[in-house]
Amino acid sequence: MSDIDERAVRAEVRAWLEAHWDPQRDLVAWRGMLADSGWGVPHWPRAWFGRDLPVALCGAIEAEFEAVGAVGVARIGIRMLAAATLLEHGTDAHKARFLRRILTGEDTWCQLFSEPGSGSDLAGATTRADFDGAQWTVNGQKLWTTSAHHAEWGLLLARTDWDVPKHQGLSYFVIDMTQPGVTVQPVKQMNGYASFNQVFFDDARVPPENLVGAVGAGWQVAMTTLAHERRNADALRRWGEASTRAGRIYDEERAEIANVMAPYTWYPQRTGRVDLALKRARETGRLADPALRQELARLLMLSRSSEWLAQRARTAREAGRPEGPEGSLGKLAASHVARQAAAVHTAISGADAMLAGADGPLDGLIAEILLSVPATSIAGGTDEIQLNIIAERVLGLPREPRLDGGPFRDVPRNPER
Amino acid sequence: MSDIDERAVRAEVRAWLEAHWDPQRDLVAWRGMLADSGWGVPHWPRAWFGRDLPVALCGAIEAEFEAVGAVGVARIGIRMLAAATLLEHGTDAHKARFLRRILTGEDTWCQLFSEPGSGSDLAGATTRADFDGAQWTVNGQKLWTTSAHHAEWGLLLARTDWDVPKHQGLSYFVIDMTQPGVTVQPVKQMNGYASFNQVFFDDARVPPENLVGAVGAGWQVAMTTLAHERRNADALRRWGEASTRAGRIYDEERAEIANVMAPYTWYPQRTGRVDLALKRARETGRLADPALRQELARLLMLSRSSEWLAQRARTAREAGRPEGPEGSLGKLAASHVARQAAAVHTAISGADAMLAGADGPLDGLIAEILLSVPATSIAGGTDEIQLNIIAERVLGLPREPRLDGGPFRDVPRNPER
Amino acid sequence: MHYSFTSEQAQFRDVIRRFLGAQSPTVAVRQTMGSARGWEPALWQRLNDDLGLAGIHVPEALGGSGFGHQELGIACEELGRALACVPYLSSAVLATQALRHGATPDEQAALLPRLASGRATATLAWMEGPHWSGCEDIALGARRDGDTWRLDGCKRYVVDGITADHVVVVARDDGRDDDASIGLYLVDGEASGLRRRALASIDETRRLAELDFDGVTAQRLGHPGSGAAALARTLDDAAVALAHELAGAAQALLEASVEYARLRMQFGRPIGSFQAIKHKCANLLLELELAKAAVYFAAAAREAGDADSAALASQAKAQASEAALACAREAIQIHGGIGFTWDQDTHLWFKRATCAAVLLGDAAWHRERFLALTEVAA
Amino acid sequence: MHYSFTSEQAQFRDVIRRFLGAQSPTVAVRQTMGSARGWEPALWQRLNDDLGLAGIHVPEALGGSGFGHQELGIACEELGRALACVPYLSSAVLATQALRHGATPDEQAALLPRLASGRATATLAWMEGPHWSGCEDIALGARRDGDTWRLDGCKRYVVDGITADHVVVVARDDGRDDDASIGLYLVDGEASGLRRRALASIDETRRLAELDFDGVTAQRLGHPGSGAAALARTLDDAAVALAHELAGAAQALLEASVEYARLRMQFGRPIGSFQAIKHKCANLLLELELAKAAVYFAAAAREAGDADSAALASQAKAQASEAALACAREAIQIHGGIGFTWDQDTHLWFKRATCAAVLLGDAAWHRERFLALTEVAA
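Keep in mind the model is a prediction, meaning the values are calculated, not measured.

## A short note on the overall build of chain C
When helices and strands are tallied, chain C shows eleven helices and nine strands. Its C-alpha atoms give chain C a radius of gyration of 21 Å, within 12% of the compact-globule value 21 Å for 378 residues. Considered along the principal axes of its C-alpha atoms, chain C spans approximately 80 × 50 × 40 Å. For chain C, buried positions account for 67% of its 378 residues. Accessible area for chain C stands at about 12,500 Å²; split by element, carbon and sulfur atoms hold 51% of it. When the 37 basic and 48 acidic side-chain charges of chain C are each reduced to a single mean position, those positions are 6 Å apart.

## Describing the overall build of chain A
Regarding its fold elements, chain A presents twelve helices and eight strands. Taken over the C-alpha trace, chain A has a radius of gyration of 23 Å; the compact-globule value for 417 residues is 22 Å, and the two agree within 12%. A principal-axis box enclosing the C-alpha atoms of chain A has dimensions of 75 × 60 × 45 Å. Relative to its 417 residues, chain A shows a buried fraction of 56%. Counted over contacts in chain A with a minimum sequence separation of 6, partners at least 24 positions apart contribute 71%. Approximately 17,100 Å² of chain A is accessible, and the part contributed by carbon and sulfur atoms is 52%. Averaged over its 47 positive side-chain charges, chain A has a centre that lies 4 Å from the centre of its 53 negative ones.

## Quick notes on the side chain of H94(B)
All names here are of chain B. Looking at where H94 falls in the secondary structure, it is placed in helix α5 (residues 92-104). Of the polar contacts made by the side chain of H94, one reaches the backbone oxygen of L211; its length is 3.4 Å. The residues contacting H94, other than those within four sequence positions of it, are L86, L99, E209, N210, L211 and V212.

## Remarks on the interface of chain B and chain C
If you look at the interface, chain B gives 37 residues, while chain C gives 40 residues. Roughly 3,500 Å² is buried in total at the junction of chain B and chain C, and carbon and sulfur atoms are behind 64% of that figure. Of all residues in chain B, R293(B), M301(B) and W308(B) give up the largest surface area on contact with chain C, accounting jointly for 19% of the area buried on that side. Counting the contacts that link chain B with chain C gives five salt bridges. For E392(B), the salt bridge is made with K278(C), and the minimal N-O distance between the two is 2.4 Å. Remark: the boundary between chain B and chain C carries 16 residue pairs in polar contact (both at pLDDT 80 or more). Those elements that place two or more of their residues in the side of chain B that touches chain C are α8 (277-283), α9 (290-318), α10 (326-349) and α12 (383-394) of chain B. In terms of residue count, α9(B) provides more of the side of chain B that touches chain C than any other element does, 16 residues in total. Partitioning the side of chain B that touches chain C into residue classes produces 20 nonpolar, eight polar and nine charged.

## A closer look at the packing of helix α4 (residues 79-89) of chain B against α5(B)
Residue and element names in this part refer to chain B. Across the interface, α4 lies against α5 with an axial gap of 10 Å and an inter-helix angle of 155°. Of the possible angle classes, the one that applies to α4 and α5 is roughly antiparallel. Here α4 runs over α5; the crossing is left-handed. Residue-level contacts link R79, M80, A82, A83, L86 and L87 of α4 to H94, K95, F98, L99, I102 and L103 of α5. Looking at the contact of α4 with α5 residue by residue, the class counts come to nine nonpolar, one polar and two charged.

## Topic: unusual backbone geometry
Look at R273(B): it is not a glycine, yet its phi comes out positive at around 50°. Looking at the secondary structure, you find R273(B) in the loop between α7 (248-261) and α8. A relative accessible area of 23% places R273(B) in the partly exposed class. Even without glycine at this site, L360(C) takes up a positive phi of about 65°. Following the sequence through the fold, L360(C) ends up in the loop between α10 (346-358) and α11 (363-377).

## Quick word on the packing of helix α4 (residues 69-82) of chain C against helix α5 (residues 88-102) of chain C
All names here are of chain C. In contact at an axis separation of 11 Å, α4 and α5 are set at 155° when each is read in the N-to-C sense. Regarding the angle of α4 to α5, the classification is roughly antiparallel. The hand of the α4/α5 crossing is left-handed. On α5, the residues that touch H69, L72, A75, C76 and L79 of α4 are Y88, V93 and Q97. The residue makeup of the contact of α4 with α5, split by class, is six nonpolar, two polar and no charged.

## A closer look at the interface of chain A and chain C
Across the contact, 50 residues belong to chain A and 39 residues belong to chain C. For the pairing of chain A and chain C, the buried interface totals around 3,700 Å² over both sides, and the portion due to carbon and sulfur atoms is 64%. The tally of links from chain A across to chain C stands at four salt bridges. Among the salt bridges present, the one from E384(A) reaches K280(C), with a minimum N-O distance of 2.9 Å. For the side of chain A that touches chain C, the secondary structure elements donating two or more residues are α10 (327-349), α11 (365-376) and α12 (383-394) of chain A.

## A few points about the environment of N283(D)
Topologically, N283(D) is positioned in helix α8 (residues 275-304). Distance from N283(D) to A326(D), taken between C-alpha atoms, is 9.8 Å for residues 43 residues apart in sequence. Residues within four places of N283(D) in sequence aside, it is in contact with L332(A), H336(A) and L387(A).

## Some details on the environment of T91(B)
Residues and elements named next belong to chain B. With respect to the secondary-structure elements, T91 resides in the loop between α4 and α5. The exposure class of T91 is partly exposed, given its relative accessible area of 40%. For the pair T91 and N210, spaced 119 residues apart in sequence, the C-alpha separation works out to 9.6 Å.

## What to know about the pattern of salt bridges
By the definition in use, this model includes 114 salt bridges over all chains. Notably, a salt bridge pairs E190(C) with R196(C), separated by 3.8 Å at the nearest N-O pair. Assessed through its relative accessible area of 66%, E190(C) is described here as exposed. The partly exposed category is assigned to R196(C), whose relative accessible area is 22%. For R13(D), the salt bridge is made with E77(D), and the minimal N-O distance between the two is 3.2 Å. Residue R13(D) is located in helix α1 (residues 7-23), and its partner E77(D) is located in helix α4 (residues 69-82); the two are separated by 64 residues in the primary sequence. With respect to class, R13(D) is no different from E77(D); both count as buried.

## Considerations on the packing of aromatic side chains
Two descriptors summarise a pair of aromatic rings, namely the distance from one centre to the other and the angle between the planes of the rings. Here the structure, examined in full by the defined rule, presents 38 aromatic pairs over all chains. Residues F267(D) and F274(D) carry aromatic rings whose centres are separated by 6.2 Å and whose planes lie at 85° to one another, so their mutual orientation is edge-to-face. Residue class for F267(D) comes out partly exposed when judged on its relative accessible area of 24%. F274(D) gets classed as buried once you look at its relative accessible area, which sits at 10%. Here the aromatic cluster, defined as three or more aromatic residues joined through ring pairs, consists of W16(A), W21(A), W30(A) and Y250(A). Just above the ring of W39(A) sits the side chain of R51(A); from NZ or CZ to the centre is 3.9 Å. Here the basic side chain of R159(A) rests over the ring of W162(A), its NZ or CZ set 5.9 Å away from the ring centre.

## Considerations on α12(A)
Since there are 3.6 residues in each turn of an α-helix, residues three or four apart along the chain are aligned in direction. Here α12(A) spans 15 Å end to end across twelve residues, near enough to the 16 Å set by a 1.5 Å rise per residue. Buried within α12(A) we find D383(A), E384(A), Q386(A), L387(A), N388(A), I389(A), I390(A), A391(A) and E392(A). Packed against the buried residues of α12(A) are α10 of chain A, α8 (275-304) and α9 (309-335) of chain C together with α8 of chain D. Looking at the residues trailing α12(A), positive phi occurs at G396(A), about 75°.

## Quick look at the domain arrangement of chain A
In many analyses, interface size is given as the accessible surface area lost on bringing the parts together. Domains assigned within chain A are domain 1 (1-73), domain 2 (92-97 + 103-235) and domain 3 (266-381). Using only C-alpha atoms to locate each centre, domain 2 of chain A and domain 3 of chain A end up separated by 32 Å.

## With respect to the side chain of T234(D)
Residue position: T234(D) is located in helix α7 (residues 227-263). Each residue touching T234(D), except ones within four places of it in the same chain, is listed here: L94(D), Q97(D), A98(D), H101(D) and L124(D).

What counts, and where the lines are drawn
- Starting afresh in each chain, residues are numbered from 1 along the sequence in its written order.
- Ligands are numbered from 1 and chains lettered from A, in the order in which they are written.
- Residue-level local features of this predicted model are given only where pLDDT is at least 70; pairs of side-chain atoms are given and counted only at 80 or more, and the full residue set underlies all totals for whole chains, interfaces and linings.
- Excluded from the side-chain calculation are hydrogens and water; included are all heavy atoms of the structure.
- Numbering goes from the N terminus for both helices and strands, where a helix is a DSSP run of H or I of at least four residues and a strand is a run of E of at least two.
- The globule rule is 2.2 Å times the number of residues to the power 0.38, and the radius of gyration it is compared with is taken over C-alpha atoms.
- Each residue gets one of three labels from its accessible area relative to the maximum for its type: buried under 20%, exposed over 50%, partly exposed in between, using a 1.4 Å probe on protein chains only.
- Every accessible area reported is derived by Shrake-Rupley at a probe size of 1.4 Å, with residue values counting cover from the shown protein chains alone.
- When charges are counted, Lys and Arg are positive and Asp and Glu negative, with His and the chain ends excluded.
- Charge positions are represented by NZ for Lys, CZ for Arg, CG for Asp and CD for Glu.
- Every residue pair with non-hydrogen atoms within 4.5 Å of one another is taken to be in contact.
- In the analysis that follows, any N or O atom pair within 3.5 Å is treated as a polar contact, provided that within protein one partner can donate a hydrogen and the other can accept it, and provided that, for residues neighboring in sequence, both atoms belong to side chains.
- Summed over both partners, the accessible area (1.4 Å probe) lost when two parts come together is defined as the buried area.
- Think of a salt bridge as a Lys or Arg side-chain nitrogen and an Asp or Glu carboxyl oxygen that are within 4 Å of each other.
- Basically, the charged four are Asp, Glu, Lys and Arg, the nonpolar ten are Ala, Val, Leu, Ile, Met, Phe, Trp, Tyr, Cys and Pro, and anything else, Gly included, counts as polar.
- Simply put, an axis is a line fit to the C-alpha atoms, just over the touching stretch for a helix, and the angle between two N-to-C directions goes from 0 to 180 degrees.
- Should an angle fall under 35 degrees it is taken as roughly parallel, and over 145 as roughly antiparallel, whereas 65 to 115 is taken as roughly perpendicular and any remaining angle as oblique.
- Each crossing gets its handedness from the near helix: less than a right angle anticlockwise from the far helix is left-handed, clockwise is right-handed.
- Two rings belonging to Phe, Tyr or Trp (six-membered ring only in the last case) form a pair when the distance between their centres is within 6.5 Å. Interplanar angles under 30 degrees mark stacking, angles over 60 mark edge-to-face geometry, and anything in between is tilted.
- Definition used: whenever NZ (Lys) or CZ (Arg) falls within 6 Å of the ring centre and also within 35 degrees of the ring normal, the charge is taken to sit over that ring.
- Given the number of residues in a helix, its expected span is that number minus one, multiplied by 1.5 Å.
- The split into domains, and so the bounds of each, comes from an automatic or database assignment of domains.

Okay, here's the thing in structure tokens:
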């Protein structure tokens, strides 16, 4: 688009903010105004709280918000994945019922895809939804669900047909997480935190109007959710940084962010905190060790190259080019960075690398890094899955022969727990 | 076995050698005496040139030979694999016709298993043998055949039935390599040597009595050959070291060894010449480089550990315990040693690592090492095949699903050349 | 030289493995590691009463079983495999070997029988800063006070330092800075002036402590000037013992991973049928078998008193720690998400491997030391 | 900062790639590398007449095209991809950049137009021993002889040293040992007293020579005292250029491997459908993409004259050389037995990667230099 478009849009949003922005306003009320004006999600359709503007302009609009310190719509957590999925596959009734409360932050959402028996093989889900003519009854178990403990709504992938190939027997629902048939339990990780939940369904109910897409089309709908999950990973990190300004509305936003981000406590360490390595090595005197210097140089090079690679992908995305499976390269690179960072931090710390908590280096941060590393190459899709994606979709190597193509009922799978 | 056995056997062989050994004898004549006495291959059956003694005693007998400097039967090259295969699967006619001339060294043999289209997948051979009621006609192409250019006989694996699964349609033959239908061409390698040949069959003939085992049982027969190949790898290296004694019979043996070992010219470099690394590092002053020291230490540790692992396997073998697929661990370790050795030799040599021939370090030996490394992880079964063997046969992990189980005619394969 | 195990040694291993399988399953390990003491006196006493583990390598005259380094290694390997929470490395290895190498016969006779029977425990306190480069790191000072000695300074990373009945302390005679001034001193765990503070460790199955010495009364051990050599031999013994532990831990991790990969289904087949997993496991087996060769060889060399046994100790520690880290990392990877949950056992070995990798020097340090020793010998 | 290519740059790359695909297929490379000269004058002249390659980065006033480091990089990447046998690194990169950084405007005007047009070739002779650590390695001496200079000593590993019309020699003023005594000297390739001897290289597509100087008449270039800095900038330019070459070679190797894996059948399926091969290729792609990011970024930084461009040059060379070696090793592995035959092309790139990895400093050397530069900047 031309500069004139951007200038005009910037002028328009500036004028609107000048007229309406007030940091003393109630957060939900302000976000309601944003939703109704279309300035909260300007790239959404006009019919649904947007202004039909190109994604490429959103940065400029955000910049205007930042300039006056205006708070935006609620964006962190799973909600934007829910919104994107409903915008693409939902009925008008879905959109009318859910979208505005997503933007105002009144409703929190969670994603119910993974199961104990199907991690890498998401389409192998065995949580079942059975229709009795009046409503759906859900039974089964989901795992790795962030934020399920405070979500009002869940995006549920469940099996509705056991006699067709596995990708064709799934359906997609919006499920009320506050009903009695839904039990949420935290899952404690090896680092002591509980970032995830497991969710048990015992005859939980879903009304027919909460089906999203057609019966049996759940996999395609879920693909939309997952595509947005990958795309939003970057943005989520940015949205998770609370403003430091003073004012009632900022306090409310900070509380919301703190609440939603709590399960991600170990996420900041996922990159292995490369930024600390050189400084730590110098301060401990270990920078004089030539073997360590080699490993440190490897780490810094790897980390910088990964950033440049990500930057290139981002540039492509911002230029409106399709993102493609290059995200898998970045994910894989992050695993290497994390592993090398752990090795370097260990070498720098020596015997101190054994110590945790207040006794440990940097008040336990190094121990956190060492214990968080293994998750990097698993969470969000294992390295092995990323390698498959790169080999098949980037390099065009042939798929492996499938053994799970027949009716799902006959596919060998893990025993139920 | 008890010490008394060994003492008695040692005394017996010593007496026999005292009576018969004479370094002025003709090599073939002497070996004929050895074959007929049973002292050349004492672990073979009495009926066929042996004395039915346990393998564990062979070392003691060899020691007696060495003590007086007596030359043994011909053992290097493919001949002992041919002999072992014929002993197990051959008819009495086969044994009578071939074994003695194998031991005297009058006949040289080669192995015709691999093909351009079937390397790792040996059972996918497409060289065909068709029976017209009177004789077999062979057409096709074999590759990676050591010594084919001076062999009298070949061990041939050929397809005789295309309508059964691939392992069941192969037959095993002894083929006359000196006939007109057989063309042998050297294959030049990236290091400039030609260790191998390719062999073309154009209506080559095999009489029916040269079939080994039943029609269709070729794969089982070939397994025997391959098992002995793995078992003999160690011994072959030892047998390939010529005696330095003076005398006509030694000259003849040296000439034989030089002839047979010529194609293996690059084999000595396969281990990456770890023995030279520390010395070279010291002499070049590079031992002061701490980063290099780390890599050198890794190399030495890796190499020593591999030797100890091999030693343990050898001890098991000598104690008569089955060898099992642990040989794959050693083969895999050798690849790692070779690769690390190349890296270390490169780091030691710096810009000199670019130089070959007389200009290169150690008169070109370092260049040889760098160029020979890639073959280590391929020749004799790729690292990937070794990893499969270890995973399935040592660790007991499940096999991959087979796609080539049906009639061979329908199995997708490489286009003929 | 060869290494191999006699059938008696193989039997000894079986007995320990069965014992620990029954007496120290991970459910018990988890309970003990969460306890205040951090190790289980009842288990410790049975290990010693029934199997004689703490004194396996101690001469019979000193209350032990009179076996050697290979039996000690087998014990450590099985304890590492089971992650048993007992003060074996601290008392049976570090303190016992320090006394054997550095104490006079009378001093040994006074203390070793109680350590060998497990009735008392001890530990060795040598490190002060996080990187060990040798005796030059020792600052803790010993000064003569009549018939006895007094210690002032601080030791860190002391294994089982909170619970040890006795502490063998490496200290330096006041005012001197050569290796001859390094001595071993025996201190009572409850001595006045000794402040013991627990250090939180990533590996909750092995406790660490910081010990502050403020004029603590100590008994000087051994002959003057022999401390540095005794310490060096002790640390090499301990490196080989810890390498065995790590080999045992790695073996446990690999076996659990293979078992899981055989059973876990994804995409209609066991994940262990995918080459990504098969080859990963095969590569781990190779790395582990190479490390075990080094570890067993190192034990045999120490038993034989070979000249290169110090280089071999470094090789064993370097290779075993890297193999254990690789097995730990990949075990979690093979288990997938479940692998980094608290309830699954893999992280217990991961944490052991993480800490043991740096205890007694990391792999890079041992590689450099190995090369320095090899270089001189070559 | 970002790096990206303009559509003009992408087009430039396409043109070179198509040209080399047609004019320098491997059958031609094999022929040329077996020839006496080692490079093909006809190809060289067409590369320059049709595409202006030798002067792509030389100012228009000096007979070049006036583009910059990124275009130079594209040219090198494509030449590395095709393994074209031409004196590009020696003449267009090493000698040309040495003159641009180290010669006066008049001296540049006298020589650069002929190098930029490809009518003459030159090279840079700086190394004497196999390990470069900096100007302190320079022993070859220059002594004043009236209006001119005379050189005595020996240079090795001189790229295209046998055929170069001119040699830029790095020498030291007699009797001094500081960096200010380092100067660049221009020598005629046919000068009397200059003995040129070919050094057999593993990589037959790029020739090396040893040059012996026995009182060879030389012209001193640039201003006194500027030689060391000019050399440093030149070597960084060359490291980035060589890193591009290696990235191009790695790309060619990976593409050939993927193509082969797609077609080659074993066990009834393409070998590229086995995870062992798929994951190998995917890992190579990752390593290559990371290296390319560093390489392109380094070129952009040199073009922009960024302060950290020396560190980036080292990073680019280190990563590109390791990626190329990995691609070369695995390309042969993926091709199996056929991969180490002479008739299959893979070994040509393998040998290029092997030699280019140590030319201008190996990866470990560049990592150390990168860290030293980064450390100061941080």
